[in-house]
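Remarks on the overall topology
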Amino acid sequence: MRIHHLTLFAIFLFACTTLRAQQVVVSGRVIDSVGNPVAKASITYRESKSPAILGYAISKPDGSYQLVIMTVGDSIELTISHLSYKKVQRLLPNRTAEYNIELEAGNTELDEVILSPLPIRKRGDTISYAVNAFAAKGDLVIGEIIRKLPGIEMVDGRIFYQGKPIQKYMVNNLDLMEGRYGMINENLRADAVIDVQVVENDQPIKVLDSLVISDRASLNLKLKKAVTITATGRAGVGGNPVIWTANFTPMVFGKTFQSLISLQTNNSGEDASRNLQPFYTGGHLFRPSGENTNGPSFLSVRNVASPGFEESKWLDNRLFLVTANALQKLSGGLEVKGNVSYYNDLRHRRGFTATDMFLPGGQILLTERVDNRYGIDDLTGGILVEKNEEQVYLRNKLNYHKRWNRDIGTLLLNRAEDVRQERRHDDYSLLNSFSMARFIGNQLVTIQSVIEYGETPQYLSVEPGQLIAALNAGVPYQRMRQRIDYRQLRTENELSFVRRIGWWSITPSILANYQWNRLASGITLTDNAEDIHLGMGYINDMVTWRSEMGAGIRFNYKRGDWTMYGSLPLSLHVFNVRQQGLRPLHNAARGTLNPTTSVHYRLDVRQELSAGMAYTQEFEEMDNLYNAYIIGSYRSIQRYSARLLGSRGIRSGLSYRYGNTRKGVFADASYSYSNRLQDYLFEASVDSLGQSEVRIADRNGRNIIHGLSANYGVFFPSIKTVAKLRTDARMGQIDYQLNGVMAARRHQSWQGTLELTNSMWDYLGLSYRWTQGGSITHLAGGMSNIVKYQHHFLQIDSHIGDRHSFSAENAYYRNNIEGVSAQYFLDCSYSYHVVKWNTDVVLEARNVLGNDRYTQQVSSDYQLVETYFEMRPRQFLISTRFRF
Amino acid sequence: MLIRKHIISILFERLFFQLLLFSGILVSVADAQQPDTLNFNQQIIYHVTYQTDSNDEQSRNELDMELLLNDETSMFQSISKGRRDSIYHAEKRVRMPTLLMGPVNKFSYQIIKNGTLIKTYDSAFGMNLQGVDQIYYYEEPMNIFKWQIKADTTRIAGMLCQRADVRFGGRDWVAWFTAEIPISDGPYKFCGLPGLIVSLADVKNYWRFDLTHIRKVEKDVILNFQSWYEYVPATKEQLFRERRMFQNNLVAMQEAAGADLSVRTSKEHTHENVKKNVTKRMANDNNWIELYP
């Protein structure tokens, strides 16, 4: 015991002496060159070569300082600094001492510093992404920034925020392009934009603002200047064969006037017409029906499936495009918008298809070598007047759309027979869409009315004549021709009354819709320069009209963290069909009830849960009611019985949303389920040549789909890196009937994508994407097929100084098809920046490795299709990119 | 009790001034301090984000504030206040009395650091109906900040920054300062580190200051020219306590002072609703930069 106490005492003594030994005090005075004391100098010490300061003192008005050193190292590094003097650094032994330090005058000029604001900020419902924080040196246009933002996905040019497509795309709060925002996205220079803003739960129609709650998001680009006049352009040529590209896109974004004009041409694989596609129609109070509808296409030239990756690697095109758009805001809040666009595109597609059909009687293998040329002309123009004020909403849009296609297909069937196909498809449509809302007392009265007329004449000619068993009693003949004349007139009208009652907003409405269609078709066979007219079984002369009278009620409720939506539309439909003088449907009346409901609950500011359910009861369009044959393609022919096709089912879903702007983390997950029972089945019968005939069978078919999807996006500001993870899985079962046997096709598919984008360094930009997916299809008779694939994509951009940039794009595709090796594509480019003219000169080498074909597998109802597709050859392009 | 008395005296003062105003007599406020010009050559801008209601992230807001410096003195204020003051001074304008049915503006303060003292001038209740703005002023020593330097370092905009922690105003704060800029200063009252504070936030991230710009300027700031200011020597605790009291009793006091809240501008705008809303807004204004029980 005694010894124990002694030991403790010894330890205590030792500890005291060591502690005393550690108490090193460095003190002294800081003076200037003439001996005057220097106050407010900071005296810091650190272990030598360590960046972290261990302790500090600030000199007092008399210049004195005292530092207690708390480190055990042999030496310390003392730093004395003051804004008006030169910095002094000294390596000193770690022991108590007094040092007087003389500072030499020297104005330490403080550099101007500008720090970027927080990369993602949230204020109310508005999330602002600072463009600076996400920009890499090589980013030219704003779309390249938007694509990277966490929480935002871009799929084929369409922008999604937390899994839902955006409902509006504005620049300085004005919507110039009305859904055709690809033009701005791909051409507005990124450095003109200060913030990309996403407004959650945005109600763009002001009269509805406090009445109808929105769960959709709008996107706004906040420009650096109130008036921005800018243009981007590109011009280049190359070979071999000769390629060119040119694009000139000037734009003006002011407070009351905005305009965008674009002239583009290329044969380098860029489908610029995609940017004219409207992603939303906008403006409609409750239902998005204010866009020209495309007439149905009954005929097609046998095609090869295009590869599911970047278009510029395979698209063989020759495009000319011009578009002009303007917006003027007048006094009184009236906005007038006008647009006109035209493009002409000639496309060439070559490839080979091997189709393996799983028929109840066995398998059929069919091979087709395809060489197709498509000519597309498209013209659209419109004028829109809109007044969006607190008390009144008014909008009228008049739009004309015309499209005329000329396609020529040559095909080598089963390596033996040449088949030539020619298709013409024209489509014209004139549409007027009108919406109005105004308050009468406390009640908002809304009127919506759409009227559209369209014509879609079509023609297909196949040489030599096919489908000989069905059309010519098994005797070969020279040519078959199919003509179709299709016209439609539709009008949709709704009157509704929106009223707020406490936490509820209630909207009763009535509607009256009418649709008239005419389908005329005929088949002509030609042999030995003589036309063979087939009987009535091959001529359709069908007029259909349907009217719908309906009444319904919509409601929404918002209180605290709860939001609910619901609607209960009840309609009476009357169907009429006149076909070849007969009336297969005469005032056939059907009722439908389509209730929907959804509930949203905000768990906290970052998290939201939603659930929704809908019961649907629908009748198909009557375009498919013709009972005389129509040749759809060179090896398919179909006719249906004139009866109403109906289906009913339920859809439901659950979703979860998370957004933490401060940490830059966005996530969402959803599950969906749909179960649909239709009172018909398409029945295909395929003969031993693989030629099919499609009929409608009078039996019920069920279609069940489960879907799961999840997205996760995170931004790491310290390393300027965005990571995104997307996953999708689907599982389903669908009934089908083939050659008289009914079966269920069970289908599972899944896909996951990881995407990393790094813009940390000025001299190096990295972007990597990895997609892995697959599907399993189980067919009747125990047959099944499995498709698996993985894609890797790596882009490296390096910048040397301000002038030289080099970039390499690597793409790697792999699937599980036997005998097909993995494919690796490499594209390289070098660009030289001419500072004086703010222009880049770019030299590109595309498809450096000279890959000539791409192989893929597609599985559909009852067949496994293996195709290869001819790629663009190895090509070089020299171009110049400018912006001002 | 004492506070209640004080508030009642403010109330009577207001009634008195109102009477004077009505009779058209202009009163110059007593205890006016002499105008003083400070010349600054450096401007450091901080972006401030804050949350007025600790339970509601929707109440987050933001503004820009400036730290103006010369060799001896620094001043911290909101950029908009600085701008407004210079316009009032240049155009010799006088502020009109305004009735604000809401929380007192918490960003009308000016903090001047000089020598070893931090001097705060803060409008206690905002301008009253009589056009008087009571400016409470108080001093604190710079050594109230007991900084604990941490070994963590990071780079912000290329500057090597080091972490330092401090407890102040009822909150735990984390500062990132850079010794590369030997200015022992920072946003709000914060100072005393061996370098400029680049980023500062409380651990719950309710309050956050991020440096966005450092600029050379030539700026004259004229203090105390405002004829409607009434300077009141005070303590910090007194200011916070009385301001809280004032906010809690705002409706009653404004009504007592003759404000008519029953004017119906819309159907929802009833006397009860206004009272309820104001009371709720006051209760939700629970997250001032310095917390006192």
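Up top is the structure these notes are about.
This section reports on the structure supplied with the text. (Residues numbered from 1 in each chain as written. Chains lettered and ligands numbered in written order. Predicted model: local features only at pLDDT ≥ 70, side-chain atom pairs only at ≥ 80, totals over all residues. Heavy atoms only, no water.)

As a further point, take the overall build of chain A. A tally of helices and strands in chain A yields five helices and 52 strands. Expressed along its principal axes, the backbone C-alpha trace of chain A runs to roughly 115 × 75 × 70 Å. Relative to all contacts within chain A whose residues are 6 or more apart in sequence, the contacts with residues 24 or more apart total 65%. Here chain A displays about 40900 Å² of accessible surface, and carbon together with sulfur accounts for 56% of that area. Counting 98 positive and 86 negative side-chain charges, chain A places the centres of these two groups 4 Å from one another. (Helix = DSSP H or I, 4+ residues; strand = E, 2+ residues; numbered from the N terminus. Contact = heavy atoms within 4.5 Å. Areas by Shrake-Rupley, 256 points an atom, 1.4 Å probe, with all protein chains shown as cover. Lys, Arg positive; Asp, Glu negative; His and termini not counted. Charge placed at Lys NZ, Arg CZ, Asp CG, Glu CD.)

A tally of regular secondary structure across chain B gives five helices and 12 strands. Evaluated residue by residue, chain B yields a buried proportion of 53% over its 293 residues. Counting contacts in chain B only where the partners sit at least 6 residues apart, residues at least 24 apart contribute 63% of the total. Carbon and sulfur atoms provide 54% of the accessible area of chain B, an area that totals close to 14000 Å². (Buried < 20%, exposed > 50% of the residue type's maximum accessible area, 1.4 Å probe, protein only.)

So, about the pattern of salt bridges. Residues and elements named next belong to chain A. In this structure the tally under the stated criterion is 55 salt bridges over all chains. One salt bridge connects Arg406 with Asp426, and the closest N-O pair in it is separated by 2.9 Å. You can see Arg406 sitting in strand 24 (residues 392–413) and its partner Asp426 sitting in strand 25 (residues 417–440), a full 20 residues away along the chain. (Salt bridge = Lys/Arg side-chain N within 4 Å of Asp/Glu carboxyl O.)

Before going further, it helps to examine unusual backbone geometry. Residue and element names in this part refer to chain A. In this chain, Asn240 is followed by Pro241 through a cis amide linkage whose omega measures 5 degrees. Mapped onto the elements, Pro241 comes out in the loop between strand 18 (228–239) and strand 19 (243–253). Here the residue pair Glu463 and Pro464 is connected by a cis peptide bond, since its omega of -5 degrees sits within 30 degrees of zero. With respect to the element layout, Pro464 can be found in the loop between strand 27 (458–463) and helix 5 (468–471). Phi is positive for Leu467, close to 55 degrees, though the residue is something other than glycine. Tracing the backbone through its elements, the reader meets Leu467 in the loop between strand 27 and helix 5. Judged by its relative accessible area of 4%, Leu467 is buried. Located in the positive-phi region is Lys720, a residue other than glycine, with phi close to 45 degrees. On the secondary structure map, Lys720 appears in the loop between strand 42 (701–716) and strand 43 (721–738). For Lys720, a relative accessible area of 21% gives the class partly exposed.

With that out of the way, let us pick up the packing of aromatic side chains. All chains considered together, the criterion is met by 39 aromatic pairs over all chains. Look at B:Tyr46 and B:Phe76: their rings are 6.3 Å apart centre to centre, the planes differ by 65 degrees, and that puts the pair in the edge-to-face class. Taken together, the residues span a long stretch of sequence, with B:Tyr46 in strand 1 (residues 36–51) and B:Phe76 in strand 3 (residues 73–78) at a distance of 30 residues. Exposure class is identical for B:Tyr46 and B:Phe76. Each is buried. A ring pair is formed by B:Tyr121 and B:Tyr231, whose centres lie 6.1 Å apart and whose planes are at 90 degrees; its orientation type is edge-to-face. Taken together, the residues B:Tyr121 in strand 5 (residues 117–127) and B:Tyr231 in strand 12 (residues 229–233) connect sequence positions 110 residues apart. What makes B:Tyr121 buried here is its relative accessible area of 13%. B:Tyr231 sits in the buried class, given a relative accessible area of 5%. One residue, A:Lys402, lies across the ring of A:Trp404, its end atom 4.6 Å from the ring centre. Here the basic side chain of A:Arg424 rests over the ring of A:Tyr459, its NZ or CZ set 4.4 Å away from the ring centre. (Phe/Tyr/Trp six-rings, centres within 6.5 Å; stacked < 30°, edge-to-face > 60°. Lys NZ or Arg CZ within 6 Å of the ring centre and 35° of its normal.)

Moving on: the environment of B:Leu196. The residue B:Leu196 is located in strand 10 (residues 196–202) in this model. Considered as a pair, B:Leu196 and B:Asp185 are 11 residues apart in the sequence and their alpha carbons are 5.4 Å apart.

This part covers the nonpolar core. Residue and element names in this part refer to chain A. Counting 63 residues, the largest nonpolar core has Leu471, Met480, Leu519, Leu585 and Ile631 as its most contacted members. Dropping the residues within four chain positions of it, Leu471 is found in contact with Gln466, Tyr477, Met480, Leu525, Leu534, Tyr538, Ile631 and Ile637. If you look at the next biggest cluster of nonpolar residues, it comprises 49 residues, including Leu174, Ile184, Ala192 and Ile376. (Core = buried A, V, L, I, M, F, W, Y, C linked by side-chain atoms within 4.5 Å.)

Turning our eyes to something else, we now look at the side chain of B:Lys236. Residue and element names in this part refer to chain B. When you line up the elements, Lys236 lands in helix 3 (residues 236–248). Given a relative accessible area of 8%, Lys236 falls into the buried group. Among the polar contacts made by the side chain of Lys236, one reaches the side chain of Glu290 at a distance of 2.7 Å. In this structure, Lys236 is in contact with Tyr138, Glu140, Phe168, Lys189, Glu290 and Tyr292, ignoring residues within four places of it in sequence. (Polar contact = N/O pair within 3.5 Å; in protein donor to acceptor, adjacent residues only side chain to side chain.)

Taken residue by residue, the interface counts 41 residues in chain B and 30 residues in chain A. A combined buried area of about 3100 Å² lies between chain B and chain A, and 55% of that area is made up of carbon and sulfur atoms. The tally of links between chain B and chain A comes to three residue pairs in polar contact (both at pLDDT 80 or more). Listed by contribution, the elements that provide at least two residues to the side of chain B that touches chain A are strand 1, strand 2 (60–69), strand 7 (148–156), strand 8 (159–168) and strand 11 (207–223) of chain B. (Buried area = accessible area lost by both parts, 1.4 Å probe.)

Residues and elements named next belong to chain A. Ordered in space as 12-13-14, the three strands form an open sheet in which the pairing is antiparallel. Each having just a single partner strand, strand 12 (152–155) and strand 14 (164–165) make up the two edges of the open sheet. Alignment of strand 12 against strand 13 (residues 158–161), held across four bridges, turns out to be antiparallel. Counted as the bridge partner of Met154 is Ile159 from strand 13. (Pairing = 2+ DSSP bridges.)

Moving on: helix 2 (residues 79–90) of chain B. All names here are of chain B. With 12 residues, helix 2 extends 17 Å from end C-alpha to end C-alpha; this agrees with the ideal 16 Å at 1.5 Å per step. When helix 2 is considered as a whole, its buried residues turn out to be Ile79, Lys81, Gly82, Asp85 and Tyr88. Looking at the buried positions of helix 2, the neighbouring elements they touch are strand 1, strand 2, strand 3, strand 4 (110–114) and strand 12. Immediately downstream of helix 2, the backbone of Lys92 shows phi near 50 degrees, a positive value. (Expected span 1.5 Å × (residues − 1).)

Another point: the sheet that holds strand 2 (residues 42–46) of chain A. All names here are of chain A. Here we have four strands laid out as an open sheet, ordered 3-2-5-6, and antiparallel in their pairing. The open sheet has two edge strands with one neighbour each: strand 3 (55–58) and strand 6 (88–93). For this sheet, the mean inter-axis angle between neighbouring strands, taken without regard to orientation, is 20 degrees. Of the strand pairs in this sheet, strand 5 (residues 75–81) and strand 6 are connected by six bridges, and their pairing is antiparallel. The residue of strand 6 that forms the bridge with Ile80 is Val88. (Axes fitted to C-alpha atoms, helices over the stretch in contact; angles between N-to-C directions.)

A few words now on the pairing of strand 35 (residues 607–619) of chain A. In the case of a regular strand, side chains alternate between the two sheet surfaces. Residue and element names in this part refer to chain A. Sheet topology note: the strand 34 (residues 596–602)/strand 35 ladder contains seven bridges and is antiparallel. What sits directly across from His600, in strand 35, is Ser610. In this antiparallel pair of consecutive strands, strand 34 and strand 35, the connection spans four residues. Both strand 35 and strand 38 (residues 646–660) contribute to a ladder of 13 bridges, which runs antiparallel. Its bridge partner being in strand 38, Gln617 is matched across the sheet by Arg648.

All names here are of chain A. Note that Thr380 resides in strand 23 (residues 362–388). Residues Thr380 and Asn339, spaced 41 residues apart in sequence, show a C-alpha to C-alpha distance of 8.0 Å. Dropping the residues within four chain positions of it, Thr380 is found in contact with Asn339, Val340, Ser341, Asn399, Tyr400 and His401. One polar contact links the side chain of Thr380 to the main-chain carbonyl oxygen of Tyr400, over a distance of 3.3 Å.

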